[in-house]
Amino acid sequence: MSIQPGEREATESRTEPLASRSGEHGSEGGARRRATVVLAGAETVAVALRESAPLVVGRARPADVILADASLSRSHARLTWRDGVVEIEDLDSTNGVVVDDQPVRRASLREDSRVHLGGVELWVHPVGALSEGSAGVESRFERALRDELHRASLFQRPCLAFAVRVDGAGVARDWHRALGDALRSVDLVRGVARDVAVAVVAEAGAAETGLWAERLRSAVPGRRLKLGVACFPDDAAEPDALIDAALHALTHATPSTVGRPAPPAELDGGTGEVVLASPAIQRTYQLAGRVARTRMPVLVLGETGAGKELVAQWIHRASPRSHAPFKAINCATIPATLIESTLFGHEKGAFTGATARAAGVFEQAHEGTIFLDEIGELPAQAQAALLRVLETGRITRVGGGAKEIPTDVRVVAATHRDLQDMVGAASFRSDLLYRLETMTLQVPPLRDRLEDIPALAELFLARARSAWGTTVRGFGAGVMDALCAHDWPGNVRQLRNAVERASALAVGALIELHDLPPEIAGRVTEDEATLPDGPASLTDRVNAFERRLIHEALARADGNQSEAARLLRVPRRTLAHKVKRHGLA
């Protein structure tokens, strides 16, 4: 993983001691993210520290986090999460590691520790999971933000989240406290990095952005501020996503204008390939956008057909490598005897049938991105070769002897399997997993993305109409209800196939229930299809259908919300929130 100057990734800070968080699981992509490390020199960057992946900070390879600061050694210090504590170790650096004004060889860090690596300041912040079902301990800010968004949702009121960056030259460490003095007691402020803070303004909508932006600017006189803003619920509906949206908006800000998050059409690169209606998939792509700016490898997890390759394609398009090739390989479809030749190429005569030299996908994708789907199916020998490429940036063609070829690629790997279990069964290398899971993204299954189903169905129908020239223009009574009610074990791929099949079978202008496969149509009958098809929006239809599903589950569970949550396959906290929102309590 490398983060070059200018590739800033703002994240969250917390207030509890690190040792209190040894049992939590982070929310980013389902990986075990334990803390955020913020480094401030000429630029400010922040990176995730995970329990299985120590971070080496330095000014050149092979450091994991690279900062162009002359006071740093090539490999200056190593940060490790161990037994609920972040440990720092000096790697024989020239300018040393200083903790609380004392030079150290090794030390355990607290959140209030003052750390210097040469001329670079370092802070460590524990990470609390804001996702549903988190077992972590939330900070006061997190609890207050979650409560505020819950109230805003219940009473259908907006709120604004501002990300604020101050000119960092000589700024006081607690400068963000002045922002709180300019706001009301019900509003929230939190420092994120030395020069970045987040402010949440309750019961304020997009039309009031200018007013509150001016109040925030006036709070820090004599300093140039940049502000980004995100509005609940229009830009994001979950705490994590709202703060991420505000931080993303900050990248579009100037000293005189307030930045706004990219709209969904911009987020999908303008291709129409990605539907980002549900908060779950929005979080995945917002995190992918932050990862895209860096060079780190990415591991994408998700069920078959959930859209892992689309995530990889989007990371490529949003990255500085977008001008170079994107190559996708399914490791499960290539014979074990040919996988190394496919990846790394071969020399003439390397094996029977090798009549000429051939470049592998690593050479073909030079300066671009390689997507390795089903990475868990990679044979052991190929795993070792891939690990060497990730560590050295060099490949060796099959039959090429000791000749190494430099290559510059970004690897995005994906799997639907549990690689940790495979490591335990000795079928996947632990050192390769540690290299790949530097950043992990979780693509949620379609059954957890109810809001995406209508938009995806409309998209697939439009594609089928364009490709095959059909006259089908929409969905008849009960069809969308049936689509939303299905479990979709095959995820988005199965939904696409179902819509394409139905559009081919339909004899009128609408797809009817009997055009759907029986296992899908059987969940909703014509008599149960009571939602209007004309004036009702897709959001209204989804909300009405969701309410009916929850009502039925509660009835089957005799009002027991835990049992109803199990029937619906959602966390109990999610169900409790939806029960209140739909007035079913």
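Preceding this paragraph is the structure being described.
(A) Structural detail: the overall build of the protein chain. A tally of helices and strands in the protein chain yields 19 helices and 24 strands. Within the protein chain, the proportion of its 585 residues that are buried is 53%. For the protein chain, the share of sequence-separated contacts (at least 6 apart) that also reach a separation of at least 24 residues comes to 66%. Counting only carbon and sulfur atoms, one obtains 50% of the accessible surface of the protein chain, whose full area is about 25100 Å².

(B) Inspection of the sheet that holds strand β9 (residues 106-109) at higher detail. Reading across the sheet, the five strands line up as β4-β3-β5-β6-β9 and stay open at both edges, with mixed pairing between neighbours. What marks the edges here is a single partner per strand, and that holds for β4 (65-66) and β9. The pairing of strand β3 (residues 55-58) with β4 spans two bridges and is classified as parallel. Of the residues in β4, the one forming a bridge with glycine 58 is isoleucine 66.

(C) Region of the structure containing the packing of helix α13 (residues 452-468) against helix α15 (residues 491-505). For the pair α13 and α15, the least separation of the axes is 9 Å and the interaxial angle reads 50 degrees. In terms of orientation, α13 lies oblique with respect to α15. Considering how the two elements wind past one another, α13 and α15 form a crossing that is right-handed. Across from Ile453, Leu456, Ala457, Phe460, Leu461, Ala464 and Trp468 in α13, the residues of α15 making contact are Val492, Leu495, Arg496, Val499, Glu500 and Ser503. Class assignment of the residues belonging to the contact of α13 with α15 gives a composition of ten nonpolar, one polar and two charged.

(D) Representation of the nonpolar core in the model. Membership of the largest hydrophobic core comes to 32 residues, with the highest contact counts inside it found for Phe362, Leu372 and Ile375. If one sorts the elements of this core by residue count, helix α10 (residues 380-392) sits on top with six residues. Ranked by size, the runner-up nonpolar core spans 31 residues in total, among them Ala457, Phe475, Leu483 and Ala502.

(E) Geometry of the packing of helix α6 (residues 279-292) against helix α7 (residues 308-317). Where α6 contacts α7, the axes come no closer than 9 Å and their chain directions differ by 40 degrees. When the interaxial angle is binned, α6 and α7 end up oblique. Crossing of α6 over α7 shows right-handed handedness. From α6, Thr284, Tyr285, Ala288, Gly289 and Ala292 reach across to α7, where they touch Leu310, Val311, Trp314 and Ile315. Taken together, the residues of the contact of α6 with α7 sort by class into seven nonpolar, two polar and no charged.

(F) Representation of the pattern of salt bridges in the model. Applying the stated criterion across every chain, the model contains 17 salt bridges. Between arginine 106 and glutamate 89 there is a salt bridge; the shortest N-O distance is 3.5 Å. Highlighted residues: arginine 106 in strand β9 and glutamate 89 in strand β6 (residues 85-90), separated in sequence by 17 residues. A relative accessible area of 52% places arginine 106 in the exposed class. We classify glutamate 89 as partly exposed; its relative accessible area is 22%. Note that glutamate 303 and arginine 447 form a salt bridge whose closest N and O atoms lie 2.4 Å from each other. Residue glutamate 303 is located in the loop between β16 (298-301) and α7, and its partner arginine 447 is located in the loop between β22 (439-442) and α13; the two are separated by 144 residues in the primary sequence. Accessibility expressed as a relative area gives 32% for arginine 447, which makes it partly exposed. Here the residues in one salt-bridge network are Glu347, Arg357, Glu363 and Arg397, joined through shared partners.

(G) Spotlight on the environment of alanine 292. On the secondary structure map, alanine 292 appears in helix α6. A relative accessible area of 0% means that alanine 292 is categorised as buried. Taking C-alpha positions, alanine 292 is 8.0 Å from proline 320, a pair spaced 28 residues apart along the chain.

(H) Broad picture of unusual backbone geometry. For aspartate 100, which is not glycine, the phi dihedral falls at a positive 50 degrees. Position of aspartate 100 among the secondary structure elements: in the loop between β7 (97-99) and β8 (102-104).

(I) Quick look at the sheet that holds strand β18 (residues 369-373). The strand order across the open sheet built from five strands is β17-β18-β21-β16-β22, with neighbouring strands paired in parallel fashion. Two strands close off the open sheet at either side, each with one partner strand: β17 (326-330) and β22. Mean inter-strand twist for the sheet, computed between neighbouring axes without regard to direction, equals 20 degrees. Taken together, the five bridges between β17 and β18 define a ladder with parallel strand orientation. Bridge assignment links alanine 328 to a residue of β18, and that residue is phenylalanine 371. The strands touched by α6 are β16, β21 (410-415) and β22; relative to β22, the strand with the most contacts, the crossing angle is about 155 degrees.

(J) View of α15. Look at α15: 22 Å from first C-alpha to last across 15 residues, which is about the 21 Å you get at 1.5 Å a residue. Taken as a whole, α15 has its buried residues at Asn491, Val492, Gln494, Leu495, Ala498, Val499, Ala502 and Ser503. The buried residues of α15 occupy an angular sector of 165 degrees when the element is viewed end-on, so they sit on one face. Among the structural elements, α13, β23 (474-475), α14 (479-485), β24 (510-511) and α16 (518-521) are those in contact with the buried residues of α15.

Cut-offs and rules
- Residues numbered from 1 in each chain as written.
- Predicted model: local features only at pLDDT ≥ 70, side-chain atom pairs only at ≥ 80, totals over all residues.
- Heavy atoms only, no water.
- Helix = DSSP H or I, 4+ residues; strand = E, 2+ residues; numbered from the N terminus.
- Buried < 20%, exposed > 50% of the residue type's maximum accessible area, 1.4 Å probe, protein only.
- Contact = heavy atoms within 4.5 Å.
- Areas by Shrake-Rupley, 256 points an atom, 1.4 Å probe, with all protein chains shown as cover.
- Pairing = 2+ DSSP bridges.
- Axes fitted to C-alpha atoms, helices over the stretch in contact; angles between N-to-C directions.
- Parallel < 35°, antiparallel > 145°, perpendicular 65-115°, else oblique.
- Left-handed = near helix turned anticlockwise from the far one by under 90°.
- Nonpolar A, V, L, I, M, F, W, Y, C, P; charged D, E, K, R; others polar.
- Core = buried A, V, L, I, M, F, W, Y, C linked by side-chain atoms within 4.5 Å.
- Salt bridge = Lys/Arg side-chain N within 4 Å of Asp/Glu carboxyl O.
- Expected span 1.5 Å × (residues − 1).
- Arc of directions from axis to C-beta.

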